[in-house]
Amino acid sequence: MPRAVFLNSLPALQKIESVVFAGWGETLMSPYAPEWLEAVSTRDYQTALVTNGLLLDGEMAEKLASAPPFTLNVSIDAGTRETYAKVRGRDRFEQAVDNLTEFMKRRNRHHSRTGVEWIYVMMKSNFRELPRAVALARRSGVDKFTAKHLELAATRQFMDEAIWNYPTSPDLAPELAEEMAAIEDECRRIAEGKLILNFHPLIHTDEYWGKSGPVFKMFLSHEGNVTACSLISPNNHRPFSDPGFDRNWILGNVLEKPLEQIIESEVYRDFQNEWLSQTVPPPCRGCPFSLRLGEDGLCHAL
Ligand code: SF4
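Calculation rules
- The residue numbering used here restarts from 1 in each chain and proceeds along that chain's sequence as written.
- Reporting in this predicted model follows two pLDDT cut-offs: at least 70 for local features of residues, and 80 or more for side-chain atom pairs to be given and counted; totals over whole chains, interfaces and linings ignore these cut-offs and use all residues.
- Helix numbers and strand numbers start at the N terminus; a helix is a DSSP run of H or I with at least 4 residues, a strand a run of E with at least 2.
- Based on C-alpha atoms, the radius of gyration is set beside the globule rule, defined as 2.2 Å times the residue count to the power 0.38.
- Labels follow a simple rule on C-beta atoms placed from the backbone: if 20 or more others lie within 10 Å of a residue's own, it is buried; if 12 or fewer, it is exposed; otherwise it is partly exposed.
- Think of it this way: build a C-beta for each residue from its backbone, and any pair within 7 Å is a contact.
- In this context, the arc is that of the directions from the helix axis out to the C-beta atoms.
- Strands are treated as partners if at least two bridges between them are detected by DSSP.
- Only the stretch in contact is used when a helix axis is fitted, and all axes are lines through C-alpha atoms; the angle between N-to-C directions ranges over 0 to 180 degrees.
- Look down the strands so they point away from you; if the path from the first strand over the helix to the second goes clockwise, the crossover is right-handed.
- The term nonpolar core refers to a set of buried Ala, Val, Leu, Ile, Met, Phe, Trp, Tyr and Cys residues connected through C-beta atoms within 7 Å.
- Angle categories are assigned with fixed cut-offs, so that under 35 degrees is roughly parallel, over 145 is roughly antiparallel, 65 to 115 is roughly perpendicular, and the rest are oblique.
- By the definition used in this description, the sense in which the near helix is turned from the far one sets the handedness, with an anticlockwise turn below a right angle giving left-handed and a clockwise turn giving right-handed.
- Classification used: nonpolar for Ala, Val, Leu, Ile, Met, Phe, Trp, Tyr, Cys and Pro, charged for Asp, Glu, Lys and Arg, polar for all others including Gly.

Here we come to the overall build of the protein chain. For the protein chain, the helix and strand inventory stands at 10 helices and 9 strands. For the protein chain, the C-alpha radius of gyration of 20 Å lies close to 19 Å, the compact-globule estimate for 302 residues. Counting only C-alpha atoms, the protein chain reaches 50 × 45 × 30 Å along its principal axes. The buried share of the protein chain, taken over its 302 residues, is 33%. For the protein chain, the proportion of contacts with a sequence separation of at least 24, taken over those separated by at least 6, is 69%.

Our next topic: helix H3 (residues 58-65). Considered for burial, the residues of H3 that qualify are Ala61, Leu64 and Ala65. Across the axial projection of H3, the buried residues extend over an arc of 100 degrees, all falling on one side. Those residues of H3 that are buried lie in contact with helix H2 (33-40), strand E3 (71-75) and helix H5 (93-109).

Further remarks concern the sheet that holds strand E5 (residues 144-149). To summarise the sheet geometry, strands pair through backbone hydrogen bonds and adopt either a parallel or an antiparallel arrangement. Spatially, the 6 strands line up as an open sheet ordered E1-E2-E3-E4-E5-E6, and their pairing is parallel. Every other strand in the sheet has two partners, leaving strand E1 (18-21) and strand E6 (196-199) as the edge strands with one partner each. Along the sheet, successive strands turn relative to each other by an average axial angle of 20 degrees, direction set aside. Pairing of E5 with E6 involves 4 bridges; the strand directions are parallel. Across the sheet, residue Lys144 finds its bridge partner in E6, namely Ile196.

Our next topic: the sheet that holds strand E9 (residues 252-253). Read from one edge of the open sheet, 3 strands run E7-E8-E9, paired in antiparallel fashion. Of all strands in the sheet, those with a lone pairing partner are strand E7 (219-220) and E9, marking the two edges. Across 2 bridges, E7 lies against strand E8 (residues 225-227) in antiparallel orientation. Among the inter-strand pairings, Leu220 is bridged to a residue of E8, identified as Val226.

Alternating positions in E1 separate cleanly, Val19 and Phe21 being buried on one face and Ser18 and Val20 remaining unburied on the opposite face. With 4 bridges connecting them, E1 and strand E2 (residues 46-51) associate as parallel partners. Each residue of the ladder has a partner; that of Val20, found in E2, is Ala48. Once you follow E1 into H2 and on to E2, the crossover reads as right-handed.

Moving on: the nonpolar core. Within soluble globular proteins, side chains that are nonpolar generally end up buried alongside one another. Within the largest apolar cluster, 50 residues are counted, with the highest numbers of intra-cluster contacts made by Tyr120, Met122, Val134, Ala137 and Phe145. If we skip the residues at most four places from it in the chain, Phe145 touches Trp118, Tyr120, Val134, Ala137, Ala191, Leu195, Leu197 and Asn198.

Taken N-terminus to C-terminus, the directions of helix H6 (residues 130-140) and helix H7 (residues 174-191) make an angle of 15 degrees; their axes are 9 Å apart at the nearest point. As summarised for this structure, H6 and H7 are arranged roughly parallel, according to the angle between their axes. For the crossing formed where H6 meets H7, the hand is right-handed. On the side of H6, the interface is formed by Leu130, Pro131, Val134, Ala135 and Arg138, while H7 contributes Ile183, Glu186, Cys187, Ile190 and Ala191. Residues belonging to the contact of H6 with H7 are distributed by class as follows: 8 nonpolar, no polar and 2 charged.

A few words now on unusual backbone geometry. Excluding glycine, a negative phi dihedral is what most residues carry, and trans is how most peptide bonds are arranged. Positioned with a positive phi, His111 is a non-glycine residue whose angle comes to about 50 degrees. Along the chain, His111 turns up in the loop between H5 and strand E4 (115-122). Unlike most non-glycine residues, Gln278 shows phi in positive territory, near 65 degrees. With respect to the helices and strands, Gln278 occurs in the segment after helix H10 (266-276).

Contact pair H3 / H5: the axes reach a minimum separation of 9 Å and the direction vectors enclose 40 degrees. Accordingly, the angle class assigned to the pair H3 and H5 is oblique. The handedness of the crossing between H3 and H5 is right-handed. Contacts from Ala61, Glu62 and Ala65 in H3 reach Glu102, Phe103, Arg106 and Arg107 in H5. Grouping the amino acids of the contact of H3 with H5 by side-chain chemistry returns 3 nonpolar, no polar and 4 charged.

If you want it as structure tokens, here you go:
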């Protein structure tokens, strides 16, 4: 994200309850990441940064370890080098785990209150390695390990990798559920007393989803475009969407208009009101998350 996009958004970001630096790319590719964390940390609210951990070393690691407290989520979806290479498309498992382990030492040296979480997206091709990953996470010294589900993929076919009853994934096979339960038990034994373990359930519930996403959340892209959701973007990269949506659902661009004004825009209010009146608005139609809404009739994704 260019610096101008962030700086133009900053006055509004400082009033927002929670800011998450995440992306379609790698957040630590930006040399400004520590500066942004610092800039939004004057608030009492929650700040998080998501990374694959591959650039979590050297000067960047030092700056993050000495930054004001935030939540660092490190995504590593494997317990072995082979599986990491398969699911991530590159052979850098050791680097990710080593960086994370070193970062924990730095964090502790700085007496930082930053919370660090290993995020593991469970798939058919990696779930048997969960105990190995939990053992590594425990050794690395992270605070928490979260095993979550594959919720979206670039193609519908790739959702075959999912192992829960998500609307666009295949039905949950009973033998798979049984095996998962045994694996979860094993992970709990490994983690006991040393690591907080957070396993998302195999059956869809509202509990593990974001709250009222489309009504209270917004997404700011690296180009400065603001949308009501990360899956609504000018690149229309949302999987399985049928049909696409028109560009009017881009609420504005912070390089042209202050974020505060965009938040107050009529088109955003319309979008929120449609959800609140239990109607799925046009840009959300065809989105996999609109297929199963929470009890309040809202999409609880992302
Ligand atoms: S239905 Fe899809 S596009 Fe709409 S807010 Fe939910 S996740 Fe985003």
